[in-house]
Amino acid sequence: MTGASSSIDRTRPSIARVYDYLLGGKDNYAVDREIGDVFKRDLPGSVAIAFANRAALTRAVREIVTTTGVRQFIDLGSGLPTADNVHQVAQRHARDTRVVYVDTDPQVLVHGRALLEENDRTRVVPVDVRDPEGVRRHPDTQELIDFDRPVAVMLSAILHHVNDEEDPAGIVRHWRDHVPSGIYFFVSHFRSGNNPETAEAEKVLQGTFGRGRWRSDEEIAALLDGLEILEPGIVPASVWRSEAAGSTRKGDAEDELTVWERLIAAGLARKP
């Protein structure tokens, strides 16, 4: 979402690098830490959003591989590698799983090349997620993904960086219309809380990157129009299928969450 570029600009903050900083990573620069520190200092507890999202993504990959037989993933807006990347989680359970990562951040692409060196079942496609046809037709995608077989499209913490006028629903619709039945879609998304925390976090992102849109559960579900949203529906990421990870939190325990944990939702859908 930063725009295609072949070099890393250390003077401008990157969404991927700020996210990396919030997760405790080291692939970030002073300009990214400055933005991250706004969240840490002025919005205490907001770091929980990043961790809740990452944990939900890990659970989703594991469940898709172990319960559906899917062995192909397209991770849109993948961001910088961290612990338990999609291919690592998936291949832990099924070594033949193939993963295409999609991102345009130059630093993500540098790390992507390192992934390719260590794993011949991954590819990194440098195409903007707002160009789904470009992603689908990219030679690396075509080489690795067989669209006549089941595939999982991962939309983890990316659609909330697509503004309304950029048609985020159209991105999902394009994938829905160009893949066969049985395809899975995982989405996690900033969740509107109609509270000061939501308003301030949205203000920081819009002021820095010109994007960052909090949406209600109903708006998030609408992005998945035409798909079957599976249980437990669109719920806070911290409780989305948390029982699968041995957590004591269940899908109906939203009242036990902090205000920050309620600000990121997750859901899994399937094309009938």
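The paragraphs below set out a description of the structure included in this document. Since we're looking at a predicted model, the values are computed, not measured.

### Points about helix α2 (residues 30–42)
Part 1 of the reasoning: Under the 1.5 Å per step criterion, the end-to-end length of α2 is 18 Å for 13 residues, consistent within 8% with the ideal 18 Å.
Part 2 of the reasoning: For α2, the full list of buried residues reads Val31, Asp32, Ile35, Gly36, Val38 and Phe39.
Part 3 of the reasoning: Buried residues belonging to α2 abut α1 (15–22) and α9 (196–209).

### Digging into the pattern of salt bridges
Any two side chains of opposite charge can pair if their charged atoms end up close together.
Part 1 of the reasoning: In the structure shown here, the tally under the stated rule is 17 salt bridges.
Part 2 of the reasoning: Between Asp32 and Arg17 there is a salt bridge, with its nearest N and O atoms 2.5 Å apart. Of this pair, Asp32 sits in helix α2 while Arg17 sits in helix α1; the two residues are 15 residues apart in sequence, bridging distant segments of the chain. Considered together, Asp32 and Arg17 belong to a single accessibility category, that of buried residues.
Part 3 of the reasoning: As a salt-bridge pair, Asp217 and Arg191 come within 2.7 Å of each other at their nearest N and O atoms. Here Arg191 lies in the loop between β5 (184–190) and α9 and Asp217 lies in helix α10 (residues 217–223), a separation of 26 residues in the sequence.
Part 4 of the reasoning: We classify Arg191 as buried; its relative accessible area is 11%.
Part 5 of the reasoning: Several salt bridges converge on common partners, so that one network encompasses Asp128, Arg130, Glu166 and Arg211.

### Thoughts on the packing of helix α3 (residues 47–68) against helix α4 (residues 86–93)
Part 1 of the reasoning: At their nearest, the axes of α3 and α4 sit 9 Å apart, and the two run at 35° to each other. The chirality of how α3 crosses α4 is right-handed. Seen from α3, the contacting residues are Leu57, Thr58, Val61, Arg62, Val65 and Thr66; seen from α4, they are Val86, Val89, Ala90 and His93.

### Considering α3
Part 1 of the reasoning: For α3, with 22 residues, the first-to-last C-alpha span of 32 Å sits near the 32 Å given by 1.5 Å per residue.
Part 2 of the reasoning: Once α3 ends, the next one or two residues include Gly69, with phi positive near 80°.

### Considering unusual backbone geometry
Part 1 of the reasoning: Pro232 follows Glu231 through a cis peptide bond whose omega is 5°.
Part 2 of the reasoning: Inspection of the secondary structure puts Pro232 in the loop between β6 (228–229) and β7 (235–236).

Cut-off values and rules
One numbering rule holds for all chains: residues counted from 1, following each sequence as written. It should be noted that, the model being predicted, local features are given only for residues of pLDDT at least 70 and side-chain atom pairs only at 80 or more, the latter also being counted only at that level, while totals for whole chains, interfaces and linings use all residues. The side-chain quantities take in all heavy atoms of the structure and omit both hydrogens and water. Where helices and strands are cited, they refer to DSSP runs of H or I of at least four residues and of E of at least two residues respectively, numbered from the N terminus. A helix is expected to span 1.5 Å for every residue after the first. To sort residues, take the accessible area from a 1.4 Å probe on protein chains only and compare it with the maximum for the residue type: under 20% means buried, over 50% means exposed, and anything in between is partly exposed. The criterion used for residue contact is that any of the two residues' heavy atoms lie within 4.5 Å. Only one rule defines a salt bridge in this text: a Lys or Arg side-chain nitrogen within 4 Å of an Asp or Glu carboxyl oxygen. Axis definition: a line fitted to C-alpha atoms, limited for helices to the stretch in contact. Angles are taken between N-to-C directions and run from 0 to 180 degrees. Take the far helix as the reference: if the near one is turned anticlockwise from it by less than a right angle, the crossing is left-handed, and if turned clockwise, right-handed.

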